[in-house]
Each structure stands twice: as C-alpha cells, then as structure tokens.
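Observations on the model geometry
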There are 2 protein chains.
Amino acid sequence: MRVLGVDPGLTRCGVGVVEGVAGRPLTMLGVGVVRTPPDAELGRRLVAIEQGIEQWLDEHRPECVAVERVFSQHNVRTVMGTAQASAVAMLCAARRGIPVALHTPSEVKAAVTGSGRADKAQVGAMVTRLLRLDAPPKPADAADALALAICHIWRAPAQNRLQQAVALHASKGRTP
Amino acid sequence: MRVLGVDPGLTRCGVGVVEGVAGRPLTMLGVGVVRTPPDAELGRRLVAIEQGIEQWLDEHRPECVAVERVFSQHNVRTVMGTAQASAVAMLCAARRGIPVALHTPSEVKAAVTGSGRADKAQVGAMVTRLLRLDAPPKPADAADALALAICHIWRAPAQNRLQQAVALHASKGRTP
C-alpha cells in the first residue's frame, strides 16, 4: 500500500509518501514540505497548498491519503489555519476518488513510538529507524507526515475489518 | 459591485449574490444553500461544496466573494467544519483571481442592523427590507449569506481607502 501522509498547516504543510504493508519493512518514497508565505492572502495560500498537494499526488499516485485529524483544543489561530489546510488536502484527494483517512496526533504517536504522549524527538527518531533513514527528516512537519503514513499502513488492516463489520451490521439491520 | 456572500458550513453553506454600491438601493441576484449529507465522508462533502460554489461563481461571476470569518470560540465540532467549508469557498474564489474578503459575524450584524449583537430574526428582517424581498430568505444561512454580501458592499469603500493608505505607507517605508 502506498500512502501520502499530510501534516496540515498553512505555513508548513508536511508531506511524506510511504509504501509497504503491516509486518514488513516500509519504504519512504518521498518527503517534503509545502510552504506558503505567512503574509500572503489566505485565499492565495490555500491555492498554493492545493497546487503543492496536487504535485505530490501526480508524482506518487498514492492509494490513500492520511491526514492529521485536527482538534480545536490548541491555539485558536493555528487551529483554524490547520483546519483550512487539511480541508484542501482532503478535497484534492477526494476529487480524485482517493480514500482519505484521519488519524489523531496521539494515534500517530502511539503507532510509531508505543506512547500516545511521545514528543517530537521520539517520533522523529522512530520514523528514522522504521524507514531506515540516515537522519530524522526536517522540519518536524515532514517527519510527522511520514509518521501519519506509517500509522495508516499499520492501522489500515484493523480499520478495514472494523468498517466491514459495521457495513455488515448496517446491511443486516436495514429492511430491504 | 457584484458580491457573492458565503455563510460557510458543511451541512448548509448559505450563498447569496447582491449587486449595488454603498448609498444606493441594492439588488438580490440569487440566494440559496449548498447542502451536503452529514453522514457522507468529509472529503466527499468538501468536493460537493466545491462543486456548489463553482456553480454559483459560474452563474453569477461576482467581482468579490465575502466569507464569514470563522472563530474558534464556539462549539468545537461545528467550528472545524465551518473552517473547512470556508477554506473551500476561499480556494474556489482565489483560484479564479476573485478577491476574498472576510467579515466577522458582529461586523455583518452591525452593518445591516446597527448592532453587532442583533439576533437572527433581526438580521433576516433587515435583509428582507434592504433587498425589498417579500419574506425573509430561509434557512437563516441563506439570509446570513446575503447579509455578508450587503456588509461587504457597504464596508468596501472604507476598506479600500484603508488598504491604499497601508500600501502607500509600506511603499514609502521600504528602501528602493
């Protein structure tokens, strides 16, 4: 499975492509950051993010896009920008018919480090190890995007089983 | 000036087109709601909103799109969806090179009713009067979208003067 992970943000949108299946060594196919100037108009920044994400989709043709699920608990200004950048990433994927999966930051941390409360350095270290890189990807947004993709590859089998069970239950529960 | 007002939301995205200039009677050219099913996947909902907004832009060719500025003070779940829907509206406009203006709910209320704390009914009543309609547009999201467009037409002259002053100041302050 080939997954594009997106750590959404207006100023820095981390992107990383990982290929593999659960239980086997994973391969990094690409990592980077889509940047937009903080002093540009919001609309233009969203267009720049769209163009950046489209390039990554064109180049890597992922089968799934994993985006960080945004919560509103944190800094108000940052969160709104994060929500808007994530909307653009989801829109780009859904427009192409590519499934979008959302994972919370703690799900991602737990998947790659074993602890939902791991810090950035720990996540970076595990991403480096799991993808057999020479050094942690920088900035942290890039490493987080790879962690999202890894998290999705590892969680996908369980999620698929769950979705199938829910679908089966729903189809049985409905009158024909 | 022809303005498309957008009251962003995932389930109901209000849209309204108003034409006119400050100080003259205004004309409503269209009003409606772009709806997406709450049980659909988020990515698909964003695609549906994009298609809806594109249709309104195609049909009415506004010179400006006025979108409600989203704050994160309110209900967490609603706000994230509102931010995401607003991102799609801004993206659609900016992609076409149409200027995007953001107005806060209290700016809009103050513009059409004289009070930043007016309720929905008051806003609906004033929109009905200002656009010489037979009845308040429903749902409230549609009326709010028209109020946004009216607010923008009335505030635009002042905003333009401010922007020109800022630009002049910036150009004088910079070394050549």
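Now for a description of the structure that goes with this document.

Parameters and conventions
- Residues numbered from 1 in each chain as written.
- Chains lettered and ligands numbered in written order.
- Predicted model: local features only at pLDDT ≥ 70, side-chain atom pairs only at ≥ 80, totals over all residues.
- Heavy atoms only, no water.
- Contact = heavy atoms within 4.5 Å.
- Buried area = accessible area lost by both parts, 1.4 Å probe.
- Salt bridge = Lys/Arg side-chain N within 4 Å of Asp/Glu carboxyl O.
- Polar contact = N/O pair within 3.5 Å; in protein donor to acceptor, adjacent residues only side chain to side chain.
- Helix = DSSP H or I, 4+ residues; strand = E, 2+ residues; numbered from the N terminus.
- Nonpolar A, V, L, I, M, F, W, Y, C, P; charged D, E, K, R; others polar.
- Pairing = 2+ DSSP bridges.
- Axes fitted to C-alpha atoms, helices over the stretch in contact; angles between N-to-C directions.

1. Observations concerning the interface of chain A and chain B
Every contact between the two is made by 22 residues of chain A and, on the other side, 22 residues of chain B. Taken over both partners, the interface formed by chain A and chain B buries close to 1,900 Å², and the fraction arising from carbon and sulfur atoms is 77%. Where chain A packs against chain B, one counts 2 salt bridges. With a closest N to O distance of 2.5 Å, R95(A) and E50(B) form a salt bridge. Counting every contact that joins chain A to chain B gives 4 residue pairs in polar contact (both at pLDDT 80 or more). Elements represented by at least two residues in the side of chain A that touches chain B include exactly α1 (42-60) and α2 (76-95) of chain A. Sorting elements by how many residues they give to the side of chain A that touches chain B places α2(A) first, with 12 residues. Its residues assigned to classes, the side of chain A that touches chain B comprises 15 nonpolar, 4 polar and 3 charged.

2. Considerations on the sheet that holds strand β4 (residues 64-68) of chain A
Residue and element names in this part refer to chain A. Pairing within the open sheet is mixed, and its 5 strands lie in the order β3-β2-β1-β4-β5. Each of the sheet's edge strands pairs with one partner strand only, and the pair in question is β3 (27-35) and β5 (100-103). Direction aside, the axes of adjacent strands within the sheet are offset by 20° on average. Taken strand by strand, α1 contacts β1 (2-7), β2 (12-19), β3 and β4, and its axis lies near 165° from that of β3.

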